[in-house]
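Residues per chain, in single letters:
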Amino acid sequence: MTDAPTSHVIETSGLRKEFRSRRGLRVAVQDLDLAVPAGGVHGFLGPNGSGKTTTIRMLLGLAHATAGTMRLFGEPVPQRLPAVIDRVGAVVESPKFSPHFSGRQNLLLLSRSIGAPDSRVDTAVETVGLAGRDRDRYKSYSLGMKQRLAIAATLLKEPELLILDEPTNGLDPAGIREIRETIRGLGASGVTVLLSSHILAEVQQVCTSATIIGNGRMLASGPVDELVGASTTYRVDVPDPDAARRVLRESGFTVGDDLVVETDRPGDVTRSLGGAGIWLTGLTPVRRDLESVFLELTAGAELGGER
Amino acid sequence: MIALARVELTRMRWRRAVIALLVLAIVIPVLIGVARVWSTRPLSEAQLTEFHSQVEDQIADCVEHPRQWGVRTKDPERIRARCTRNMSGWQPYRQPLSLASERNGGSGMGVVAVLTALLLLAGTTFVGHDWNSGSMSNQLLFESRRRRLWAAKALAVTGVAFALAAVVSTAYWLGLWAVMQARDLPVLDGSLADSLLYGLRGAGFAAAAALGGYALTMLGRSTVATVGVLFGVSVAGGIVLAVLGIGEQWQPQKNVAAIVKDGTTYYEQAGNDYAERDLPIWHGIGYYGVALVATVGASVVSFRLRDVP
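Residues numbered from 1 in each chain as written. Chains lettered and ligands numbered in written order. Predicted model: local features only at pLDDT ≥ 70, side-chain atom pairs only at ≥ 80, totals over all residues.

Caption draft 1: Region of the structure containing the overall build of chain B. Counting secondary structure elements, chain B contains twelve helices and two strands. At 27 Å, chain B has a C-alpha radius of gyration far larger than the 19 Å of a compact globule built from 309 residues. Across its three principal axes, chain B shows a C-alpha extent of roughly 95 × 50 × 35 Å. In chain B, which comprises 309 residues, the proportion classed as buried is 34%. (Helix = DSSP H or I, 4+ residues; strand = E, 2+ residues; numbered from the N terminus. Rg over C-alpha atoms; globule rule 2.2 N^0.38 Å. Buried ≥ 20, exposed ≤ 12 C-beta atoms within 10 Å, placed from the backbone.)

Caption draft 2: Representation of the pairing of strand 8 (residues 192-197) of chain A. Residue and element names in this part refer to chain A. Judged by how many residues are buried, strand 8 sits mostly within the fold: six of six residues are covered. Of the two faces of strand 8, both are covered, the one formed by Thr 192, Leu 194 and Ser 196 as well as the one formed by Val 193, Leu 195 and Ser 197. Two strands pair when backbone bridges link them, and strand 7 (residues 161-165) and strand 8 are joined in this way by five bridges, in the parallel orientation. Across the sheet, Leu 162 pairs through a bridge with Val 193, a residue of strand 8. On the question of chirality, the crossover connecting strand 7 to the parallel strand 8 by way of helix 6 (residues 173-188) is right-handed. (Pairing = 2+ DSSP bridges. Right-handed = clockwise from strand over helix to strand, strands pointing away.)

Caption draft 3: Fine view of the packing of helix 9 (residues 241-250) of chain A against helix 10 (residues 266-275) of chain A. Residues and elements named next belong to chain A. At a minimum axis distance of 10 Å, the contact between helix 9 and helix 10 shows a crossing angle of 115°. As summarised for this structure, helix 9 and helix 10 are arranged roughly perpendicular, according to the angle between their axes. Like other packed secondary-structure pairs, helix 9 and helix 10 cross with a definite hand, here right-handed. Contacts between helix 9 and helix 10 involve Ala 244, Val 247 and Leu 248 on the former and, on the latter, Val 269, Ser 272 and Leu 273. Class assignment for the residues of the contact of helix 9 with helix 10 results in five nonpolar, one polar and no charged. (Axes fitted to C-alpha atoms, helices over the stretch in contact; angles between N-to-C directions. Parallel < 35°, antiparallel > 145°, perpendicular 65-115°, else oblique. Left-handed = near helix turned anticlockwise from the far one by under 90°. Contact = placed C-beta atoms within 7 Å. Nonpolar A, V, L, I, M, F, W, Y, C, P; charged D, E, K, R; others polar.)

Caption draft 4: Examining the environment of Arg 94 of chain B more closely. All names here are of chain B. On the secondary structure map, Arg 94 appears in the loop between helix 4 (76-87) and helix 5 (99-103). Residue classification places Arg 94 among the exposed positions, given that 11 C-beta atoms sit within 10 Å. Along the backbone, Arg 94 and Phe 162 are 68 residues apart, and their C-alpha atoms lie at a distance of 35 Å. The residues touching Arg 94, leaving out its near neighbours within four places in the chain, are Thr 40 and Leu 43.

Caption draft 5: Here's a closer look at helix 6 (residues 108-133) of chain B. All names here are of chain B. Its 26 residues place the ends of helix 6 38 Å apart at the C-alpha level, agreeing with the 38 Å of an ideal helix rising 1.5 Å per residue. Burial analysis of helix 6 places 19 of its 26 residues in the buried class, which makes it a mostly covered element. Once helix 6 ends, the next one or two residues include Gly 134, with phi positive near 80°. (Expected span 1.5 Å × (residues − 1).)

Caption draft 6: Fine view of the environment of Asp 258 of chain A. Within the secondary structure, Asp 258 of chain A sits in the loop between strand 12 (254-255) and strand 13 (260-262). Taking the C-alpha atoms as reference, Asp 258 of chain A lies 15 Å from Thr 281 of chain A; in sequence the two are 23 residues apart.

Caption draft 7: The arrangement of the nonpolar core in detail. Within the largest apolar cluster, 131 residues are counted, with the highest numbers of intra-cluster contacts made by Leu 119, Ala 161, Ala 206 and Ala 210 of chain B. For this core, the element with the most residues is helix 8 (residues 146-182) of chain B, which contributes 16 residues. Not counting residues within four places of it along the chain, the set of residues in contact with Leu 119 of chain B comprises Ala 25, Ala 161, Ala 165, Ala 206, Ala 207, Ala 209 and Ala 210 of chain B. Membership of the second largest hydrophobic core comes to nine residues, among which are Ala 244, Leu 248, Val 255 and Val 269 of chain A. (Core = buried A, V, L, I, M, F, W, Y, C linked by C-beta atoms within 7 Å.)

Caption draft 8: Structural context of the domain arrangement of chain B. We note that the domain assignment places domain 1 (2-41 + 95-305) and domain 2 (45-87) within chain B. Taking the mean C-alpha position of each, domain 1 of chain B and domain 2 of chain B sit 53 Å from one another. (Domains from an automatic or database assignment.)

Caption draft 9: Main features of the interface of chain A and chain B. Contacts between the two partners involve 24 residues from chain A and, on the opposite side, 22 residues from chain B. Elements supplying a minimum of two residues to the side of chain A that touches chain B: helix 2 (81-84) and helix 3 (103-113) of chain A. Broken down by element, the residue count for the side of chain A that touches chain B peaks at five residues, all from helix 3 of chain A. Looking at the side of chain A that touches chain B residue by residue, the class counts come to 15 nonpolar, seven polar and two charged.

Structure (structure tokens):
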């Protein structure tokens, strides 16, 4: 824990978590080096059982790391967690509140435990759209309302870092959109958001950067645009596809069956076809999405880490 | 710390199962007290009249069937005189209320037992719910210092348990004393003070039990597990002690009595006879203190080191 602090809000180095049981040893997280820069929304992706939640739980002091180091805001955790926990809001797995208390009572207890004024509960409830239902018992809430309450709880601290583990689980489409906008807004306002999710479209829409893990290991990390990569394939639209395919192959291009051409110089495609008297009606870049990157990286990933 | 303990007090106040147990911890001693007051009430005129009437009936029966009553003479005058004399010692009697009697083998230990059991359950239920609902992890996201959270909850549980037990015990003994005053019964010098101290020692024991129940639940993370362990220990523990032939001074109830009564006595085999021995208060405190310290220590260490679901 003697490394110099950096500008990253979250850093882990060589992080490892083992679970021992009668069935043997299971490694949930291994040698994970995670770096989340300050500001923006960072996606944390991985298949179920890949170690996302375990990593988050270790960062928040709910689980102890077997090996490795972690830092939040440059402070080593869990040693200095009390010094930074007030700057971190988090929803870990499913929302966990006392079912017999109202949503408001649950928030009041959490709010008072950090010495925040009760008025902050009103603001948080208003922000997540629970006003009017906040005095109902938590156990009467729908899953979506429980998620909203959990997000309201994170806002009680006015956090600089928000860690959200599958925050849109159980929300209806309108709710998902609302939460997505909230997350985007928080990211834009300077709050760093770590968004753990396996809904890739959601991550791609909201996140500026992402880390993909599988089997407890980091598979890729960086800005979403870099992860997806610059487009190197183009779909060619012409009146005579067979003639175009023949011309392009003769010109040395690799052409797929659906007239998709791999090249980093699309101008050459236009020139070759024009030279043969074939005029393009369309040349469209075929973008890879995060889903295809994710599936490529996590292909064959065994659930639940190594045993 | 105080602020956190106040939050825990609020949590306790909002938890209905805990409130129900605390209400029972008031109601049952009140019922015990009412029952003691009722069963020691002075005989009424009607009861005295009924009693005298019954005696007259018995005398008449004796006069009619003297042999059945052991009267051998045949002289009617002497029969009546003998029968009347035989039954003249019959007096209506009901044990009057006495603070000393209630402390020594009366209802005092019953009140302590009720308070102890209910407050132990309250401590267990209070924190068991945090584990059952999973809200413990949420609380740790707001107060990550685990020892501090453990201590705040312990302070709330122990404080409430002691305050409630002390008030109930004090009210119980003052109530009995007031009834004795109203009945013009003599109260020995220092008996009220002894009773109040007895109540406070009982309250301390009940509060320690609540702390123990809380600590055990933080260790086992389940109310059901805690109740199961306590039930198992209370049943199997006595059997094991009996089978092993462990001396009476190691029986749990003897040590409770030693604490609450500021010392008690027990019997120990001496040769072919039994000798009465003193069991001082420190023996009881040591007996339960070691168990409490071990439970609390294991609970704190476990809460600090184990992952929280």
